Number of protein chains: 2
Amino acid sequence: MRVAILAHEKFPGDAKTALGVLRYADHDVVAVLDRDSAGTQVGDHVADVQDAPIVSGMSAVDASIDALIIGVAPIGGGFDESWRADVVTALERGCDVIAGLHYFLSEDEEFARLAEEHGGELRDVRKPPEDLTVSQGRADEVDAEVILTVGTDCNTGKMTTTMELARAAAEAGHDAAVVPTGQTGIMIEGWGIPIDRTISDFTAGAVERMIREVGDDREYLFVEGQGSIVHPAYSAVTCGILHGAMPDKLVLCHEAGREAIHGYESFEMPAIETYVDLYEGLAAPVRETEVAAGALNTSEYPETAAADAIAEFGDAVDAPAADPIRQGTDELVEALL
Amino acid sequence: MRVAILAHEKFPGDAKTALGVLRYADHDVVAVLDRDSAGTQVGDHVADVQDAPIVSGMSAVDASIDALIIGVAPIGGGFDESWRADVVTALERGCDVIAGLHYFLSEDEEFARLAEEHGGELRDVRKPPEDLTVSQGRADEVDAEVILTVGTDCNTGKMTTTMELARAAAEAGHDAAVVPTGQTGIMIEGWGIPIDRTISDFTAGAVERMIREVGDDREYLFVEGQGSIVHPAYSAVTCGILHGAMPDKLVLCHEAGREAIHGYESFEMPAIETYVDLYEGLAAPVRETEVAAGALNTSEYPETAAADAIAEFGDAVDAPAADPIRQGTDELVEALL
């Protein structure tokens, strides 16, 4: 699929979805739209991802594309009206538009009409299916080994770790797939359910449904975790994934140096050992599992401090640990597969 | 409020909502509709609740009423077409109709039209508010002491225990309120949010919102728990309530003799001590709390076996324990207030 990615005024620092798609998706990215950086290249800003020109808007994209992806997720999930002209242009060219906003493009009158007229599709990946139901507690019946990333907080590298591990497993010759649970993962993989938007009674069931859908055709499933089991706001999502996935193994993801819940700074994070005990203890009555590896984001640390932090983290989780981006995933893959 | 309660073919055994309203609500129940038991009295079937005639349908209810309550909750939450005539009659008389079904009466064309025409209101209590948002982690700022019932499984007496404790606290002269989280509790109390229908990202936030709404005007809040923290399907709901409520104290509710998760019999329940550790350990990073009392449903046990089971349960929770229905709540109230 040939795509353009909208990331106005946010690329690369605040465009997590755009970066995820550039780094992990199979799509051919023809252009990134960012009016602030127009004229530069993706490669001028970020290493290790596919390169593409950055342009001011859809009218500057000459090549034909299949889809425009909204690659930014503003707080609150609203649609920024300054993006409207780009979406309109894409739809007028018959492209699909893919978004993970709380504001559903498919419910916007103008967009719906243009999509209808020109044969494009509006795909709101943050809309869960309407026929979800309760979990049957049967995710463990699939043939695949299920590996779930869990975190000490939001934004500790669960999605990145999931993608890196699945890639590494595939490169090692295994038939591995990602089970995406968040908007960026869904955009990268082209399927999935936004678990944080499901009705709480069906949260575990939605995860189970995805695992059963693909689990008998694969050797390994890497399930993208969300939130943290002790997050004041989001733990329900995390708990539903933990019990719905019935994982064989867990990978604990943490950011080096973080000591309080992000955005909830009055809540100190407990010790890493406590997280391990809580995840394993809470999972056990539904499915015995263990933290078999740790992934530490050390991007803010210099080399020596990073090595020390990783060693300390490995001791705390009592399992092999690494920074998947800085060091690669060899050691983790060996512990997991 | 003067009400009739629809419970066709299910009263009393399978009409949990009808029984809850008869037992705990302030409403004056004018009649129960059950075509199978028409001609008998509520008192012929159940002790300890307000008495009322059982009639065949709304056409047999002569007295004027304010509302018809749907007092049964069929599996799947559908609307049984055999109830339509009763709902129509109630609406034609200008009554409100209150239901906790997944099928929303307010979206039924005929009911909506009749409600409009005759000035009645269709209240679907299983519909959460549309403006829910994420928790801020601030439920602990209210003046009230917050006491949450938690369970080893679904249907272990959390709603009943919550109601009995709140009543006992009020009788002891305290200003106590119930925070209802399920359909029966909401029907009894006349307000509340059906937590199992909230989007998982907002589950904790919905509980926090209720607590902050009433918590500064009360001395004690008794929060109705749901599910179990190790339920294969519903743990997300439980976890969201635990972290959203930020309770000062927990009451663990269990049914004597139950050893496997109801409806999920391949899942053995862990030891009571494990539940205590999990609830306390999981709550602690958000809010330190403790299981301060245990409530055991011994309705299936003869007297001596019940006493033994309660003593054993008290040892396991390491706190005062009682069967609130068989023994009353004096001992529990003393431990909690």
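Each value, and the rule that gives it
- Residues numbered from 1 in each chain as written.
- Chains lettered and ligands numbered in written order.
- Predicted model: local features only at pLDDT ≥ 70, side-chain atom pairs only at ≥ 80, totals over all residues.
- Heavy atoms only, no water.
- Helix = DSSP H or I, 4+ residues; strand = E, 2+ residues; numbered from the N terminus.
- Rg over C-alpha atoms; globule rule 2.2 N^0.38 Å.
- Buried < 20%, exposed > 50% of the residue type's maximum accessible area, 1.4 Å probe, protein only.
- Lys, Arg positive; Asp, Glu negative; His and termini not counted.
- Charge placed at Lys NZ, Arg CZ, Asp CG, Glu CD.
- Arc of directions from axis to C-beta.
- Polar contact = N/O pair within 3.5 Å; in protein donor to acceptor, adjacent residues only side chain to side chain.
- Pairing = 2+ DSSP bridges.
- Right-handed = clockwise from strand over helix to strand, strands pointing away.
- Least-squares fit on C-alpha atoms with pLDDT ≥ 70 in both.
- UniProt positions renumbered as here; feature names shortened; annotations may be inferred.
- Contact = heavy atoms within 4.5 Å.
- Buried area = accessible area lost by both parts, 1.4 Å probe.
- Axes fitted to C-alpha atoms, helices over the stretch in contact; angles between N-to-C directions.
- Parallel < 35°, antiparallel > 145°, perpendicular 65-115°, else oblique.
- Left-handed = near helix turned anticlockwise from the far one by under 90°.
- Nonpolar A, V, L, I, M, F, W, Y, C, P; charged D, E, K, R; others polar.
- Phe/Tyr/Trp six-rings, centres within 6.5 Å; stacked < 30°, edge-to-face > 60°.
- Lys NZ or Arg CZ within 6 Å of the ring centre and 35° of its normal.

Under an unreviewed UniProt entry, the name given to chain A is DUF1611 domain-containing protein, and the organism recorded is Natronoarchaeum mannanilyticum.

Undergrad: Describe the overall build of chain A, listing the residues and the values that go with them.
TA: Helix and strand content of chain A: twelve helices and 14 strands. Computed over C-alpha atoms, the radius of gyration of chain A comes to 20 Å, within 12% of the 20 Å expected from 2.2 N^0.38 for 337 residues, which places it in the range of a compact globule. Reported as C-alpha extents along the three principal axes, the dimensions of chain A are approximately 55 × 50 × 45 Å. Taken over 337 residues, chain A has a buried fraction of 59%. Taken together, the 22 basic and 63 acidic charged side chains of chain A have centroids lying 5 Å from each other.

Undergrad: Break down helix 4 (residues 109-118) of chain A for me, citing the residues and quoting the values.
TA: All names here are of chain A. Phe111, Leu114 and Ala115 are the residues of helix 4 that are buried. Along the long axis of helix 4, the arc covered by the buried residues comes to 100°, so they all point the same way. Turned more than 90 degrees off the buried face of helix 4, the exposed positions are Glu109, Glu116 and Glu117. By the N-cap criterion, in which a side-chain oxygen at the helix start approaches the backbone nitrogen of a residue two or three places on, helix 4 is capped by Asp108, the distance to Glu110 being 3.1 Å. With its phi angle positive at about 80°, Gly119 sits one or two positions after the end of helix 4.

Undergrad: Could you give an account of the pairing of strand 1 (residues 2-6) of chain A, with specific residues and numbers?
TA: All names here are of chain A. Along strand 1, four of the five residues are buried, which leaves the element largely enclosed by surrounding structure. In terms of strand pairing, strand 1 meets strand 2 (residues 28-33) through five bridges, oriented parallel. Looking across to strand 2, one finds that Arg2 is bridged to Asp28. One crossover worth recording links strand 1 to the parallel strand 2 by way of helix 1 (residues 16-24), and it is right-handed.

Undergrad: Help me get a handle on the relation of the copies chain B and chain A, residues and values and all.
TA: Expressed as a screw transformation, the operator carrying chain B onto chain A has a rotation angle of 180° and an axial translation of 0.0 Å, and the superposed copies differ by an RMSD of 0.1 Å. When the rotation and shift are considered jointly, the pair of chain copies conforms to a two-fold rotation axis.

Undergrad: Could you give an account of the UniProt feature "domain: D-glutamate N-acetyltransferase-like N-terminal" (unreviewed entry) in chain A, naming the residues involved and the relevant values?
TA: In the numbering used here, UniProt assigns the feature "domain: D-glutamate N-acetyltransferase-like N-terminal" (unreviewed entry) to residues 36-128 of chain A. For residues 36-128 of chain A, the helix share is 25%, the strand share is 14%, and the end-to-end C-alpha distance is 33 Å.

Undergrad: Got a sec to walk through the interface of chain B and chain A? Specific residues and values, please.
TA: Opposite the 36 residues of chain B that make contact, chain A presents 36 residues. Roughly 3000 Å² is buried in total at the junction of chain B and chain A, and carbon and sulfur atoms are behind 61% of that figure. Interface area lost by chain B to chain A is led by Ser200, Asp201 and Pro285 of chain B, which between them contribute 19%. In this assembly, chain B and chain A are joined by twelve residue pairs in polar contact (both at pLDDT 80 or more). Put simply, the parts of the chain that give the side of chain B that touches chain A at least two residues each are helix 7 (203-214), helix 8 (235-245), strand 12 (264-268) and helix 9 (272-283) of chain B. If one sorts the elements of the side of chain B that touches chain A by residue count, helix 8 of chain B sits on top with six residues.

Undergrad: Requested: an account of the packing of helix 8 (residues 235-245) of chain A against helix 9 (residues 272-283) of chain A, with residues and values cited.
TA: All names here are of chain A. Two numbers describe how helix 8 lies on helix 9: the axes approach to 10 Å, and their chain directions differ by 55°. By the angle class used here, helix 8 and helix 9 are oblique. The handedness of the crossing between helix 8 and helix 9 is right-handed. For the pair helix 8 and helix 9, the contacting residues are Thr238, Cys239, Leu242 and His243 in the first and Tyr279, Leu282 and Ala283 in the second. Residues belonging to the contact of helix 8 with helix 9 are distributed by class as follows: five nonpolar, two polar and no charged.

Undergrad: An account of the packing of aromatic side chains is needed here, citing residue identities and associated values.
TA: All names here are of chain A. Counted by the stated rule, this structure contains eight aromatic pairs over all chains. An angle of 85° between the planes, with centres 5.5 Å apart, marks the rings of Phe79 and Trp83 as edge-to-face. Look at Phe79 and you get buried, because its relative accessible area is 12%. One cation-aromatic arrangement involves Lys127 over Phe104; the distance from NZ or CZ to the ring centre is 4.8 Å.

Undergrad: Pulling in residues and values, what's your account of the environment of Asp51 of chain B?
TA: Residues and elements named next belong to chain B. Along the polypeptide, Asp51 turns up in the loop between helix 2 (42-45) and strand 3 (54-55). Taking the C-alpha atoms as reference points, Asp51 and Asp66, separated by 15 residues in sequence, lie 18 Å from one another. In this structure, Asp51 is in contact with Val29, Gln41, Val42 and Gly43, ignoring residues within four places of it in sequence. Engagement of the side chain of Asp51 in a polar contact is seen with the side chain of Gln41, the distance being 3.2 Å. Of note is the side chain of Asp51, whose polar atom sits 2.7 Å from the backbone nitrogen of Gly43.

Undergrad: Quick one: what's the story with the UniProt feature "domain: D-glutamate N-acetyltransferase-like C-terminal" (unreviewed entry) in chain A, residue by residue and with numbers?
TA: In the UniProt entry, the feature "domain: D-glutamate N-acetyltransferase-like C-terminal" (unreviewed entry) is given for residues 134-333 of chain A. Structurally, residues 134-333 of chain A comprises 40% helix and 20% strand, and the distance from its first C-alpha atom to its last is 32 Å.

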